[in-house]
Amino acid sequence: MLLSKRQFIPQPLLSYFKTLPAPIKGIALALASNALFVTVGALVRVLSESIDVFQILFFRQLVFVILLLPSILVNLDVLMKPKMVKLHLLRVAGAFVALYFGYLTVSNIPFADATAIGFTKVIFVAIISRLFLTESVGLSRFVMVAVGFVGVMLVVQPSMSQASEGYILIGLIGALGAAVAVICVRKMAATEPRVAVLTYQAISVGIIALIPSLLSWQWPTMYEFTLLILVGVISSIAQWLGVTAYKWGEANIIANVEYSQMIYSLALGYWLFTEIPNSLAIVGVSIIVASALIPYALKYWEKQIR
């Protein structure tokens, strides 16, 4: 997000944060970002009991655009001259699929299961990077991705029921959309300013969501309206924290911290929705976390023995 950190971080906390070493700052911001994104998922699940998912998504984007408005006004000249239109369109499509299908998934299956399915994004990113970006993705990386996928299946434990299979498939499509969006951002990062990438996505996804949301529009109660605003605000703060985390910490370390979402989702699933994971799910979570941490641990060990 293009917001000043002073707008939402208390001064004492900000002063303490400045005293931390750079890698710790990155990890702390990533942990906070992940916690907020999981909180958004919980809010969406609560809202989906009475509000259509398209309407939730529209309000999220509306709040996002309002928060971006100062930057939009300052950068109108830049925004009127996009440099990579096709990639922007592909990124918008990927973001819409990721958000809408992700919200559908978290609204209809156990909370931790939906989070675990979302991690298949890592698999899709690795495959797309190898096929279309000609990035070097080694055998060890693919092995760890495969191990992580096994962990996802242990958490989800898909039944053979049509309903379960349907929402698992929806979650996988959402993860593929997220991967496409990530790859597009990676391709555009060198030439497109961040304000353009965020603004086009925020406005375009909002417009796409508005049309179907009008067909099932329901005026929210004050309680629901408050939750809808929170979804937008918390999502925006979480995105800002996540982006800023990469300023302070190494990319591979920050990416690995993303797996903390599994712990948060298990805790929230138990606390809010009384979803108790079984022993296989606990094993699956351990495997998912290990698949993220092992490559970094091996690199650290190699450096030590040299």
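## Observations regarding the overall build of the chain
Turning to step 1, where the next piece is worked out: In terms of helices and strands, the chain carries 14 helices and 0 strands.
Turning to step 2, where the next piece is worked out: Walking the chain from its N terminus toward its C terminus, one meets helices and strands in the order α-α-α-α-α-α-α-α-α-α-α-α-α-α.
Turning to step 3, where the next piece is worked out: When each of the 306 residues of the chain is scored for burial, the buried share is 46%.
Turning to step 4, where the next piece is worked out: Sequence separation of at least 24 residues holds for 88% of the intrachain contacts in the chain that already meet a minimum separation of 6.
Turning to step 5, where the next piece is worked out: For the chain, the computed accessible surface area is about 15900 Å², with 71% contributed by carbon and sulfur atoms.

## Description of the nonpolar core
Turning to step 1, where the next piece is worked out: Ranked by size, the top nonpolar core spans 34 residues in total, and within it Leu57 and Tyr103 carry the most contacts.
Turning to step 2, where the next piece is worked out: Those elements that provide at least two residues to this core are α2 (22-47), α3 (53-74), α5 (85-108), α6 (111-118), α9 (162-188), α10 (194-215) and α11 (222-248).
Turning to step 3, where the next piece is worked out: Other than its neighbours up to four places away in sequence, Leu57 contacts Phe96, Leu99, Tyr100, Tyr103, Val205 and Ala209.
Turning to step 4, where the next piece is worked out: Core analysis: the next-biggest nonpolar cluster, separate from the first, contains 11 residues, Ala112, Phe119, Val155 and Ile288 among them.

## As for the packing of aromatic side chains
Turning to step 1, where the next piece is worked out: Within the structure shown, the criterion is met by 9 aromatic pairs.
Turning to step 2, where the next piece is worked out: Each ring, one from Phe58 and one from Phe59, has its centre 5.9 Å from the other, and the planes form 75°; the classification is edge-to-face.
Turning to step 3, where the next piece is worked out: A relative accessible area of 15% places Phe58 in the buried class.
Turning to step 4, where the next piece is worked out: Phe59 sits in the buried class, given a relative accessible area of 7%.
Turning to step 5, where the next piece is worked out: Their ring planes at 80° and their centres at 5.4 Å tell us that Trp217 and Trp219 sit as a pair that is edge-to-face.

## Remarks on the confidence of the model for the chain
Turning to step 1, where the next piece is worked out: This prediction gives the chain a mean pLDDT of 78; 75% of its residues lie at or above 70.
Turning to step 2, where the next piece is worked out: The model gives residues 1-6 a pLDDT under 50, and that stretch makes 22 contacts with residues more than four places away or in other chains.

## Considerations on the side chain of Ser33
Turning to step 1, where the next piece is worked out: Locating Ser33 in the fold gives a position in helix α2.
Turning to step 2, where the next piece is worked out: Excluding its chain neighbours within four sequence positions, the residues that come into contact with Ser33 are Ala238, Leu241 and Gly242.

## Digging into a nonpolar patch on the surface
Turning to step 1, where the next piece is worked out: A cluster of nonpolar side chains, namely Tyr270, Trp271, Leu272 and Ile276, defines an oily patch on the protein surface of about 540 Å² accessible area.
Turning to step 2, where the next piece is worked out: Tracing the backbone through its elements, the reader meets Tyr270 in helix α13 (residues 260-273).

## Focus: the packing of α3 against α10
Turning to step 1, where the next piece is worked out: One can describe the packing of α3 onto α10 by two numbers: an axis separation of 8 Å at closest approach and a directional angle of 150°. Like other packed secondary-structure pairs, α3 and α10 cross with a definite hand, here left-handed. Of the residues in α10, those in contact with Phe54, Gln55, Leu57, Phe58, Gln61, Phe64, Val65, Leu68, Ser71 and Ile72 of α3 are Val195, Leu198, Thr199, Gln201, Ala202, Ile203, Val205, Gly206, Ala209, Leu210, Pro212 and Ser213.
Turning to step 2, where the next piece is worked out: Here the residues of the contact of α3 with α10 sort into 15 nonpolar, 7 polar and no charged.

## Comments concerning the packing of α5 against α10
Turning to step 1, where the next piece is worked out: For the pair α5 and α10, the least separation of the axes is 9 Å and the interaxial angle reads 55°. Classified by the angle their axes make, α5 and α10 are oblique. The way α5 lies across α10 gives a crossing that is right-handed. Contacts between α5 and α10 pair His88, Arg91, Val92, Ala95, Phe96 and Leu99 from the former with Ala196, Val197, Leu198, Tyr200, Gln201, Ser204, Val205, Ile208 and Ala209 from the latter.
Turning to step 2, where the next piece is worked out: Looking at the contact of α5 with α10 residue by residue, the class counts come to 11 nonpolar, 3 polar and 1 charged.

Scoring rules and cut-offs
- Residues numbered from 1 in each chain as written.
- Predicted model: local features only at pLDDT ≥ 70, side-chain atom pairs only at ≥ 80, totals over all residues.
- Heavy atoms only, no water.
- Helix = DSSP H or I, 4+ residues; strand = E, 2+ residues; numbered from the N terminus.
- Buried < 20%, exposed > 50% of the residue type's maximum accessible area, 1.4 Å probe, protein only.
- Contact = heavy atoms within 4.5 Å.
- Areas by Shrake-Rupley, 256 points an atom, 1.4 Å probe, with all protein chains shown as cover.
- Core = buried A, V, L, I, M, F, W, Y, C linked by side-chain atoms within 4.5 Å.
- Phe/Tyr/Trp six-rings, centres within 6.5 Å; stacked < 30°, edge-to-face > 60°.
- pLDDT = per-residue confidence, 0-100.
- Patch = residues over 30% accessible without salt bridge, like charges linked within 9 Å, V, L, I, M, F, W, Y side chains within 5 Å.
- Salt bridge = Lys/Arg side-chain N within 4 Å of Asp/Glu carboxyl O.
- Axes fitted to C-alpha atoms, helices over the stretch in contact; angles between N-to-C directions.
- Left-handed = near helix turned anticlockwise from the far one by under 90°.
- Nonpolar A, V, L, I, M, F, W, Y, C, P; charged D, E, K, R; others polar.
- Parallel < 35°, antiparallel > 145°, perpendicular 65-115°, else oblique.

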